[in-house]
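# Report on the structure
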Amino acid sequence: MIDLDFALTRGEFSLQLVLRSEARTLALFGDSGCGKTSTLHAIAGLLKPARGRIALDEHALFDSHLRIDVPVAQRKLGVVFQDVRLFPHLSVRDNLCYGAPRPRDPSHFHDVVQLLGLGALLKRKPDQLSGGQARRVAIGRALLSEPLALLLDEPLSNLHCEARAEVLEHLRGLKRELALTTILVSHQADEVLSIADAVALMEDGRLRSILPVAQFGREQRFAMRAPAEAR
Amino acid sequence: MAWLPYDETIALLLSLKVAAAATLCALPPAVGCAWLLARRRFIGMPLLETALLLPLILPPVVTGYVLLQVFGHRGAIGRALDALHLAIAFRWTGAALAAGVMAFPLLVVALRAAFESVDRKLEQAAATLGANAWRIFFGITLPLSLRGLVAGIALAFARAFGEFGATITFVSSIPGETRTLPIALYELLETPGGESGALRLTWVAVIVALAATLGAALLRQRAREAEP
């Protein structure tokens, strides 16, 4: 359950979002600058809303009324940033283990490494990884921090065609294997269609509508056909 | 060291000891202040910045005199230290305090630049993974700013090694106890026929200062090259 109702101002940009969704994987979809990443950062605690409430699966992370503002480090959210942000001085293995140096279930590490195909990369440093590999390590690092939910910011951006397919395949596998509430930020319809259950369409810092992914797919196909038919 | 007479060797070794102790003691508070200035915004920040830079701006004699007033046998803290048999006035520990105070601003400025060179986004990422401020500092910020940190330490050591004004004001010149290399050099210049000794110590001072600053410059260059 994703429950957002907050207002946030950054310079001249204002974000006002009221969004409730039962979807397991929700995509925030819209053009760049519409407030998708700001929303994700507000959920992660990296941006503080002026007022409102942010809750995931009944856990209140922020509530200005009840004066709740859970610190970033205690929110237990696996964030995968658009710019990856692997720690350059640590090996892939140490990056992966950073969030849970003493994991409750050691076999979880091997499961995630296998799920994301990271076995051969463990000894490498981040500067020895391709774009797709780095993205997979970032996803693994977030998963291994034992999060309550996963926040993915444009997980396929800046990847060439093959790397996109590679990461997408792993994200689909992740969805099959793990029942984890996931919020995905994207401005690419194919990415949304292959991972999300529901899509929140955003525009100028507001929510326009929430659609089930099937309906979103139909509208996208219609939108792509319409200009052609108009000719 | 055959080419360096006994009392000059003593002055050199004392200076090395004083500079090392000064740098070591200045390091923890300098790390704290530099981190505050690099990573936090708070009321009174310009005031702290100015206060930290004071020893760099004030005439060293003034700093030495203030130290004497506070830590001398009649000073507020000095009396307490006397009672605990920990007097530092006119002792090598006092020379280390004076050198530490004078090197402190340089150390803070260098460490602040080193911390600011670390991408804050990496620290944010560490926070989202559940790391607290200590773990982020020791696991991410410190290792990623290590070269700048070592360069800052080298510069502070060189500054402490060359300290003269505040030291001679605070702890005077006692052979083997507070007569550091710069003070010995000054006294040789004041002594008829001391020129050759002064020249020898000048060479020693130049070599130590060059070694420290060159080491710092090399580390900074390597840090720049290591940046992606």
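Not measured: the values here are computed from a predicted model. (Residues numbered from 1 in each chain as written. Chains lettered and ligands numbered in written order. Predicted model: local features only at pLDDT ≥ 70, side-chain atom pairs only at ≥ 80, totals over all residues. Heavy atoms only, no water.)

This paragraph deals with the pattern of salt bridges. In this structure the tally under the stated criterion is 20 salt bridges over all chains. Two residues, Arg172 of chain A and Glu169 of chain A, come together in a salt bridge whose shortest N-O distance is 3.3 Å. Here Glu169 of chain A and Arg172 of chain A lie together in helix α5 (residues 161–177), a separation of 3 residues that amounts to about one turn. Residues Glu123 of chain B and Arg39 of chain B are paired through a salt bridge, measuring 2.7 Å at the closest nitrogen-oxygen approach. Taken together, the residues Glu123 of chain B in helix α6 (residues 120–128) and Arg39 of chain B in helix α1 (residues 6–39) connect sequence positions 84 residues apart. You'll find Glu123 of chain B and Arg39 of chain B in the same group, each marked buried. Through salt bridges with shared partners, one network takes in Asp3, Arg20, Arg53 and Asp63 of chain A. (Salt bridge = Lys/Arg side-chain N within 4 Å of Asp/Glu carboxyl O. Helix = DSSP H or I, 4+ residues; strand = E, 2+ residues; numbered from the N terminus. Buried < 20%, exposed > 50% of the residue type's maximum accessible area, 1.4 Å probe, protein only.)

This next bit is on the sheet that holds strand β1 (residues 2–10) of chain A. All names here are of chain A. The strand order across the open sheet built from 5 strands is β2-β1-β4-β5-β6, with neighbouring strands paired in antiparallel fashion. Edge positions in the open sheet fall to β2 (13–21) and β6 (68–69), since each of these has one partner strand only. Bridge count between β1 and β2: 9 bridges; the pairing is antiparallel. Bridging from a neighbouring strand, Ala7 pairs with Gln16 of β2. (Pairing = 2+ DSSP bridges.)

Over its 12 residues, helix α7 (residues 133–144) of chain B extends 15 Å from the first C-alpha to the last, a length consistent with the 16 Å expected when each residue adds 1.5 Å. Within α7 of chain B, burial applies to Ile136, Phe137, Ile140, Thr141 and Leu142 of chain B. (Expected span 1.5 Å × (residues − 1).)

This next bit is on the pairing of β1 of chain A. All names here are of chain A. The antiparallel pairing of β1 with β2 creates a hairpin that spans 2 residues between the two strands, and Gly11 there sits at a positive phi of about 60 degrees. Judged from the 6 bridges that link them, β1 and strand β4 (residues 51–56) form a sheet pairing that is antiparallel. When the bridges of β4 are listed, Ile2 appears paired with Leu56.

Residues and elements named next belong to chain B. Where nonpolar side chains cluster on the molecular surface, the patch consists of Leu199, Trp203, Val206, Ile207 and Leu210 and spans about 540 Å² of accessible area. Note that Trp203 resides in helix α11 (residues 195–226). Taking relative accessible area as the criterion, Trp203 reaches 55% and is therefore assigned exposed. (Patch = residues over 30% accessible without salt bridge, like charges linked within 9 Å, V, L, I, M, F, W, Y side chains within 5 Å. Areas by Shrake-Rupley, 256 points an atom, 1.4 Å probe, with all protein chains shown as cover.)

Residues and elements named next belong to chain A. Buried within helix α3 (residues 106–115) are the following residues: Phe109, Val112 and Val113. Buried residues of α3, viewed axially, fall in a sector of 100 degrees; they line one side. Facing away from the buried side of α3 by over 90 degrees, the exposed positions are His110 and Gln114. Packing partners of the buried residues in α3 comprise α2 (92–97) and α4 (131–144). At the exit of α3 stands Gly117, carrying a positive phi of roughly 65 degrees. (Arc of directions from axis to C-beta. Contact = heavy atoms within 4.5 Å.)

Function cannot be inferred from these measures alone, as they are strictly geometric.
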